[in-house]
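Structural overview
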Amino acid sequence: MAEYDEHHHDVLVIGAGGAGLRAAAEAAAAGASVGIVCKSLLGKAHTVMAEGGVAAAIGNVDERDNWKVHFADTMRGGAYLNNWRMAELHAKEAPARVKELEGWGAVFDRTPDGRILQRNFGGHRYPRLAHVGDRTGLEMIRTLQDRVIYDRVDVFMEFTILELVRDGDRVIGAFGYDREKGGFHLFQGKALVLATGGIGRAYKVTSNSWEYTGDGIALAYRAGGELRDMECVQFHPTGMVWPPSVAGILVTEAVRGEGGVLRNKLGRRFLFDDIPPLYRDQTADNEEEGWRYTQGDKNARRPPELLTRDHVARCIVREVREGRGSPHGGVYLDIAWIKERIPNAEEHIKRKLPSMYHQFKKLADLDITKEPMEVGPTTHYLNGGIKVDGDSQMTTAPGLFAAGECAGGLHGANRLGGNSLSDLLVFGQRAGRYAAQFAKQNPAGRVDPEQVRQIARRAVAPFERNRAPQEESPYALQRELQETMQELVGIVRTEDEMRGALQKIENLKERAARVEVDGNRMYNPGWHTAIDLGNLLVVAEAVCRSALERKESRGAHFRLDYPDKDERFGKVNMVARAGHAGALEVRMEPIPEMPAELRQIIEEMK
Amino acid sequence: MNSSATFRIWRGDAQAGEFRDYQAEISEGMVVLDAVHQIQARQANDLAVRWNCKAGKCGSCSAEINGYPRLMCMTRLNDLPLDRPVMIQPLHTFAVLKDLVTDVSWNFRVKKTVKRFAPRPADAPDGTWRMAQADVERIQEFRKCIECFLCQDVCHVLRNHQLMDQFAGPRNYVYAASLEMHPLDTQNRLADLKDRHGIGYCNITKCCTKVCPEEIHITDNAIIPLKERVVDEHYDPLAMLLGRLFSGSRNKANTRA
Amino acid sequence: MRQAAAVAKEVRFGETARRDAWWASPLAVFLGLCAFVVYTTWAALQGDHYRFGPYVSPFYSPELWGSSGAWFGPGRPAWYPRWLFFSPALLVLWVPAGFRLTCYYLRGAYYKAFWADPPACAVGEPRKHYWGENFLPLLIQNIHRYFMYLAVVLVLILAKDVWDGLWFTSPSGAVRFGVGVGTLMLATDVSLLVGYTFGCHSLRHLCGGRVDRISECPLRGGLYRCSSALNGRHNAWFWASLTWVGFTDLYIRLCAMGVISDWRILF
């Protein structure tokens, strides 16, 4: 049963979204032999769903922009829980990483003088997002993919990693299966990079696909890694709410960047009613000024629709709760209204937001150039993640690196739109570079066959359980977990509800041990769901326990029982790890002191 | 609207298979993929199907619905006649792995045989280039491709004649076009297109264009313009002569071997 | 890469799981083209009734060695083989015929309608082997651009015919400006042919398709955009111009035969 194929690489990258591909490209360029393992086909990862753009202070549209402004914006957006070193590196290196993509074949939209065009986005002071209409993520993943396929890189498509393999503390490989045949594979790597993305599937309403079950986070956790800021789950304010089958699918923030406005059923732009103090100076107080901002007026302040995502999402929840929502439990997002302001508005919308037009036309039978959309919050992104070193992206487990969404730190309590695409470029590159370096300096580890046999045994257990009366369906359990998280650990949280959620998670853990699947190991989604369930339970518990500890409201984390910020919690990160008894432990870790020059930048930009 | 409908889904693997009928509950706005998921969760846990974004952006859930290649996530049930079973089959052109999942690896292998992007030296000292929006728009259309391979599936050169060894297929022509017409690119892929990638096998059925979920005008904007470029360099004596005399006419010549 | 035999496939001719009327479009193309070819052949073989007043049938323009002597004087040229039937139309029609037969749109359409290769998308084919346009004889389709050059000249001549169709000779011999139904028909004919010819894929390629940085030459850019706009509906232009050109010939023919009379709108 424990038969498996072996693969050897200097650097093994797990995940083939933007961060994984960027890491692979970098490691290959450094001369390492690289393997990429991805759960789906190449180029299908969630990076394709990123729409609005990639944030980089290139300053092509507004020359006042520079890395310091970007750094300050990121820190403010993250309510200062960020790893400031990552925020600094990110702001400094993003422009180079974006420009470099053009040399690899990417074609961003252009300014009139032929440079990369940049657009406005929530929380960014200046137009900063390089973009291609509203399919920037597709452009990026395709560019990276089309570079990597020509390099010395082996791509293992539709493979899933079950567990990391360790030699002492050091991570030396990964053990997994291929979907096609269900065969086992041992991937040995002198260094490993996790780039597995997020945890959206822990929630019922999400913009994430089946893949986003927190695999990398759970793998790192079980291999001794630490997780930070797990309570900060980002809910994107605008997901589709109707029809039910598409609920959760993302509506890009670019709609608001292009002048789209949010209204309740009374037709009021309710965001004007609640502008947080931290942003009051930067936000327009009338509709006219907000409109001018979206049209590139450098003297205008941004409309409140472009406030940070956590805030906009909470305001939408409030409107709906207080009975001012749209018929299907959302609010209205209106871009069609710009026809009052500009000629050829219809053409303009179709050109600037082609895939949004297409998406609503096809899925909801709605023409966004004529009617407002109905939108509501959807689980979108994990701001926290695996704790890494800011410079090298190495986790607390030696030999294991992490980049992109699965790594935590850059975004603090809340991510700014556009910062994830730049995150995966900057830190994908760094992870690739340092992983290749680590691989050069360290010999391959020694695999313990017993460790591998155990992983394999656990994986096939769901086939071997006797049909008992308490047999559990993996789909049903996953559904229950999603409903629990959605209702009890969602946008608005309380102590009682989260305690209830924890109980439910414990209950689900027990039942998960009884999950049984039909059929054989060949391309069997039932089996895959059963395996993913284990990872989802780990991340759900980490989110829940971290959220319980943070007894305040900050960024994406909002507690009804502690609705305000609390200075004491502003100085710490929640860090989760497996304790000695195997139970998940959360501790508060003080945020390291920021160097004076960074502190000064933040003061200046206030 | 709470009714049910029958879905006739192909179940099997590379060796054998059959159609099986499943009932699914229908609600408003449902797409075919929703029905497949419902069946998977309630009746057939091991029903193999690929999907990811469920919004027509990743191109994973390609299948043949009532005999026509489509994305399951973008096919609404209210656009289909539900009085007869909805027939769902895997792509015909590629070998079945299991149920609705086929082996599309050939597409990835062929893509690698298209010469990679090679830009001219940077225009500005900071390593950047200048490109006009008008010039990038043409290839931006090709770069919308989500690699769902529906065009490869429907193209009769692959589907009926299985000329995989000689013909790269519409997807790869779109890829080649996105590089060949790139304002920065310096490579020449025309000889490859003619010989290695068999663009001459295309007889312009336009089936690829019809099934493209991204509405890329594959035939008119990618394949035919490439055919015309191949004619320029390999068939048209006048153009070949002029091409030699005025080698700058495609604004690529500075790097032509 | 072999297929698993178990999946229902379109192995036999016409076999498909499609449920729509996939045969309708190829059938329409088949019938439409057959009707046109039959009529055109008949009209071209008449050798007469192609002029009425200032009008000349587009099938017969330019009227080479025709009875009016407009181009190269009246009568059959000496070099023309004795055994072969002569009609001025035969000296002209090969140009539009060649242009249309090698047209990218029509190629795809008649491969389906006349050769069932394939009969329609995702429908089984009658033959196993396939050469496409990769080998002779169909490799010759690459000649399309040369027919396009000639077709452009022909369109200019037809435009001249519209101008000629504005000048009517009265029974007294005086030439007066006027507009008849025939004039309008000729003008429409030329407009549709312009729409078809200038949206030709080869012309579009010549205008700007062959250039990667079209913004460097605004004139080219403009031409390319115009040609692309027409090209977007090339099939519609094809059928509209094809139908109208036949209809125009029929109109002039019936006038010349005295079956109907041309209605003068101005003068």
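Quantities reported herein were computed from a predicted structural model and do not represent experimental measurements. (Residues numbered from 1 in each chain as written. Chains lettered and ligands numbered in written order. Predicted model: local features only at pLDDT ≥ 70, side-chain atom pairs only at ≥ 80, totals over all residues.)

Remarks on the overall build of chain A
Rules: Put simply, DSSP marks the helices as runs of H or I at least four residues long and the strands as runs of E at least two long, and each gets a number from the N terminus on. Our radius of gyration looks at C-alpha atoms and nothing else; its globule reference is 2.2 Å times the residue count to the power 0.38. Any residue with 12 or fewer other C-beta atoms within 10 Å of its own C-beta is exposed, any with 20 or more is buried, and the rest are partly exposed; the C-beta atoms used are placed from the backbone.
When you go through chain A residue by residue, the secondary structure sums to 16 helices and 21 strands. In summary, chain A has a C-alpha radius of gyration of 23 Å against a globular reference of 25 Å for 606 residues, a match within 12%. Of all 606 residues assigned to chain A, the portion counted as buried reaches 62%.

A few points about the overall build of chain C
Going by this rule: By definition, residue pairs are in contact when their C-beta atoms, positioned from the backbone, come within 7 Å.
A count of helical and extended segments in chain C gives nine helices and six strands. Expressed as lengths along the three principal axes of its C-alpha atoms, the size of chain C is roughly 80 × 50 × 40 Å. The buried share of chain C, reckoned over its 267 residues, is 37%. Expressed as a percentage of contacts within chain C between residues at least 6 apart in sequence, the contacts between residues at least 24 apart total 69%.

Details of the packing of helix 13 (residues 474–488) of chain A against helix 15 (residues 525–549) of chain A
Residues and elements named next belong to chain A. Note the threshold: Note on geometry: axes are lines fitted to C-alpha atoms, helical ones only across the stretch in contact, with angles between N-to-C directions running from 0 to 180 degrees. An angle counts as roughly parallel when it lies under 35 degrees, as roughly antiparallel when it exceeds 145, as roughly perpendicular when it falls between 65 and 115, and as oblique in every other case. By definition, turning the near helix anticlockwise from the far helix through less than a right angle yields a left-handed crossing, and turning it clockwise yields a right-handed one. Amino acid classes used here: Ala, Val, Leu, Ile, Met, Phe, Trp, Tyr, Cys and Pro are nonpolar; Asp, Glu, Lys and Arg are charged; the rest, including Gly, are polar.
Their axes nearest at 9 Å, the elements helix 13 and helix 15 cross at an angle of 25°. Between helix 13 and helix 15, the interaxial angle falls into the category roughly parallel. You can see that helix 13 and helix 15 cross each other, and the crossing is left-handed. Contact residues: helix 13 offers Pro474, Tyr475, Leu477, Gln478, Leu481 and Met485, while helix 15 offers Gly526, Thr529, Ala530, Leu533, Leu536, Leu537 and Ala540. Considering only residue class, the contact of helix 13 with helix 15 consists of 10 nonpolar, three polar and no charged.

A short note on the interface of chain A and chain B
Every contact between the two is made by 48 residues of chain A and, on the other side, 47 residues of chain B. Going through the elements one at a time, helix 3 (84–103), helix 4 (136–148), helix 10 (354–364) and helix 15 of chain A are the ones with two or more residues in the side of chain A that touches chain B. Of the residues contributing to the side of chain A that touches chain B, the split by class is 21 nonpolar, 13 polar and 14 charged.

A short note on the interface of chain B and chain C
Across the boundary between the two partners, chain B contributes 53 residues, which contact 42 residues of chain C. At seven residues, the largest contribution of residues to the side of chain B that touches chain C is made by helix 9 (residues 218–234) of chain B.

Topic: the domain arrangement of chain A
Residue and element names in this part refer to chain A. Convention followed: Each domain span listed reflects an automatic or database assignment of domains.
Looking at the assigned domains, one finds that chain A contains domain 1 (236–379) and domain 2 (464–572). Computed over C-alpha atoms, the centres of domain 1 and domain 2 are 31 Å apart. Ranked by residues supplied to the side of domain 1 that touches domain 2, first place goes to helix 8 (residues 309–321) with four residues. Of the residues belonging to the side of domain 1 that touches domain 2, the class tally is three nonpolar, no polar and two charged.

Side note on the sheet that holds strand 1 (residues 3–12) of chain B
Residue and element names in this part refer to chain B. What counts, and what does not: A pair of strands counts as paired when DSSP detects no fewer than two bridges linking them.
Strand order across the open sheet formed by five strands is 2-1-5-3-4, with mixed pairing between neighbours. This sheet does not close on itself; its edge strands, each paired only once, are strand 2 (17–26) and strand 4 (68–71). For this sheet, the mean angle separating the axes of adjacent strands, direction not counted, is 35°. Relative to strand 2, strand 1 runs antiparallel, the two sharing 10 bridges. The residue bridging Ala5 from the neighbouring strand is Ala24, located in strand 2. In the packing of helix 1 (residues 32–42) onto the sheet, contacts are made with strand 1, strand 2, strand 3 (62–65) and strand 5 (86–89), and the angle to strand 2 comes to roughly 100°.

A closer look at the arrangement of the chains
No other pair among the two pairs of chains in contact exceeds the contact count of chains B and C. Regarding chain A and chain C, which are not in contact, the minimum distance between any of their C-alpha atoms is 11 Å.

Quick word on the environment of Lys68 of chain A
Residues and elements named next belong to chain A. Relative to the assigned elements, Lys68 resides in helix 2 (residues 67–77). Its 19 C-beta neighbours within 10 Å are what place Lys68 among the partly exposed residues. The sequence separation of Lys68 and Glu88 amounts to 20 residues, and the corresponding C-alpha distance is 8.1 Å.

Brief notes about the pairing of strand 13 (residues 331–334) of chain A
Residues and elements named next belong to chain A. Of the two faces of strand 13, the one holding Val331 and Leu333 is buried and the one holding Tyr332 and Asp334 is not buried anywhere. Two strands pair when backbone bridges link them, and strand 12 (residues 261–263) and strand 13 are joined in this way by three bridges, in the antiparallel orientation. Residue pairing in the sheet places Leu262 in a bridge with Leu333 of strand 13.

Describing the nonpolar core
Soluble globular proteins tend to bury their nonpolar side chains together. Inclusion rule: In this description, a nonpolar core means buried residues of the types Ala, Val, Leu, Ile, Met, Phe, Trp, Tyr and Cys, linked to one another by C-beta atoms lying within 7 Å.
Core analysis: the largest hydrophobic core is formed by 317 residues, its most contacted members being Val193, Leu194, Phe401 and Ala435 of chain A. Residues in contact with Val193 of chain A, not counting those within four places in the same chain, are Val11, Val13, Ile14, Gly20, Ala23, Phe401, Ala403, Ala431, Gly432 and Ala435 of chain A.

Section: unusual backbone geometry
All names here are of chain C. Omega for the peptide link from Asp117 to Pro118 comes to 0°, which places this bond in the cis form. Relative to the assigned elements, Pro118 resides in the loop between helix 4 (104–115) and helix 5 (144–164). The omega angle of the peptide bond from Leu136 to Pro137 is 5°, so this bond is cis rather than trans. Tracing the backbone shows Pro137 in the loop between helix 4 and helix 5.

Description of the sheet that holds strand 5 (residues 129–130) of chain A
Residues and elements named next belong to chain A. Strand order in the open sheet made by the three strands is 3-5-4, with antiparallel pairing throughout. If you trace the sheet from one side to the other, it starts and ends with strand 3 (54–55) and strand 4 (118–119), each paired once. When strand 4 meets strand 5, the two strands line up antiparallel, connected through two bridges. Directly across from Gln118, in strand 5, lies its bridge partner Ala130.

Focus: the environment of Glu64 of chain B
Secondary-structure assignment places Glu64 of chain B in strand 3. Since 27 C-beta atoms lie within 10 Å of it, Glu64 of chain B is described here as buried. Expressed as a C-alpha distance, the spacing of Glu64 of chain B and Leu91 of chain B, which sit 27 residues apart in the sequence, is 5.9 Å. Setting aside its immediate chain neighbours within four residues, Glu64 of chain B contacts Pro69, Gln89, Leu91 and His92 of chain B together with Ala17 of chain C.

Things to note about helix 8 of chain A
All names here are of chain A. As a reminder, the rule being used: Expected span of a helix, by definition, is 1.5 Å for each gap between consecutive residues, and there is one gap fewer than residues.
Look at helix 8: 18 Å from first C-alpha to last across 13 residues, which is about the 18 Å you get at 1.5 Å a residue. In terms of burial, helix 8 is largely enclosed, as 10 of its 13 residues are buried. Elements in contact with the buried residues of helix 8: strand 11 (233–240), strand 13, strand 14 (373–382) and strand 18 (492–493). Phi for Gly323, located one or two positions after helix 8, is positive at around 85°.

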